[in-house]
Each structure stands twice: as C-alpha cells, then as structure tokens.
Amino acid sequence: MNEIGKLLDQLSRTKGVLGCGIVTKDGRPVEMRLPEKINKETIAIMCATVFGGSTTLHTEAGKATPTSIKTKAVGYTTAIYQCGRRSLAIVMLEDDPDKEQIKDIVQKLGTEFGAI
C-alpha cells in the first residue's frame, strides 16, 4: 500500500484537487486524503452508493458498466473511477483542475489495484 499512499499524496497536491482517496465498492474507506472537516466514512459510503446506483442504471438499460462517474455543481466536481475489481478512486475537484495529471495518477492507481 506504500505506492498507493504516495500516489494519493501526489494526487492531493495536484492543482484543483480538494480531496481524494480509495474506497471499497461496499463503502469502506481504504486510504483517504480529505480535509479534516470531511467525514471519511460518509464520503466512502456515498461514493460507493453513487457508483453502484449508476452501475445498476446502466445494467438495467442494457448498456456497458460505467468505469467512471462524475457529478458537477457550480465550482465543484466529484469524480469516481473504478480502480480494480473491488475498489474505487475518488477525486473531489475545484474548477480548472490539472486534468492530465489527475488522469495519469488515477491510471497509476488503477494499475496498482489491477484495473480491468
């Protein structure tokens, strides 16, 4: 898990990233880099729920299972990425983040977890 910690540290320092982490698909925090005021357990459960709900919507529609979900609001985006078979990478973003660096780090996290 040392490499995962290093990647999350790098991701958390990336322009526009407010918080990030790895959670299980059943809603348990694995490793998180979030502001102190944010409850890690709540974030983990809600991200897993959003991803699971979206997967169900796609399956019911006869479409491919999603590999990422993004929710947007004015000035804020939450991105949830499949990260291996049982984990999700979450990234909480402000406007105008460094999308290329974020994409690169998320792909490296996926490699660490044996992404599909």
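Here, every reference points to the structure presented above.
All values reported here derive from a predicted model rather than from experimental measurement. (Residues numbered from 1 in each chain as written. Predicted model: local features only at pLDDT ≥ 70, side-chain atom pairs only at ≥ 80, totals over all residues. Heavy atoms only, no water.)

A. How the structure looks around the packing of helix α1 (residues 2–12) against helix α3 (residues 99–112). Taken N-terminus to C-terminus, the directions of α1 and α3 make an angle of 165°; their axes are 10 Å apart at the nearest point. Taken together, the axes of α1 and α3 are roughly antiparallel relative to one another. In terms of crossing hand, the pair formed by α1 and α3 is left-handed. In contact with E3, I4, L7, L8, Q10 and L11 of α1, α3 contributes Q101, I102, I105, K108, L109 and E112. (Axes fitted to C-alpha atoms, helices over the stretch in contact; angles between N-to-C directions. Helix = DSSP H or I, 4+ residues; strand = E, 2+ residues; numbered from the N terminus. Parallel < 35°, antiparallel > 145°, perpendicular 65-115°, else oblique. Left-handed = near helix turned anticlockwise from the far one by under 90°. Contact = heavy atoms within 4.5 Å.)

B. Broad picture of the side chain of S87. Within the element layout of this structure, S87 appears in strand β5 (residues 87–94). Non-local contacts of S87, meaning those with residues more than four positions away in its chain, are made with I22, V23, T24, K25, Y81, Q82 and F113.

C. Seen up close, α1. Turning to α1, its buried residues number three or more, namely I4, G5, L7, L8 and L11. Mapping the buried residues of α1 onto a view down its axis gives an arc of 165°, with all of them on the same face. Of the surrounding elements, those touching the buried residues of α1 are β1 (17–24), β2 (29–33), β5 and α3. (Buried < 20%, exposed > 50% of the residue type's maximum accessible area, 1.4 Å probe, protein only. Arc of directions from axis to C-beta.)

D. Summary view of the sheet that holds strand β4 (residues 76–82). Pairing in this open sheet of five strands is antiparallel, and the strands run β2-β1-β5-β4-β3 from one edge to the other. Of all the strands in the sheet, just β2 and β3 (68–73) have a single pairing partner and so form its edges. The mean angle between the axes of side-by-side strands here comes to 10°, regardless of whether they run parallel or antiparallel. Summarising the sheet, β4 and β5 pair through seven bridges and their orientation is antiparallel. The partner of T78 across the bridge, within β5, is M92. Here α3 sits on the sheet and contacts β1, β4 and β5; the angle it forms with β5, its principal contact strand, is near 165°. (Pairing = 2+ DSSP bridges.)

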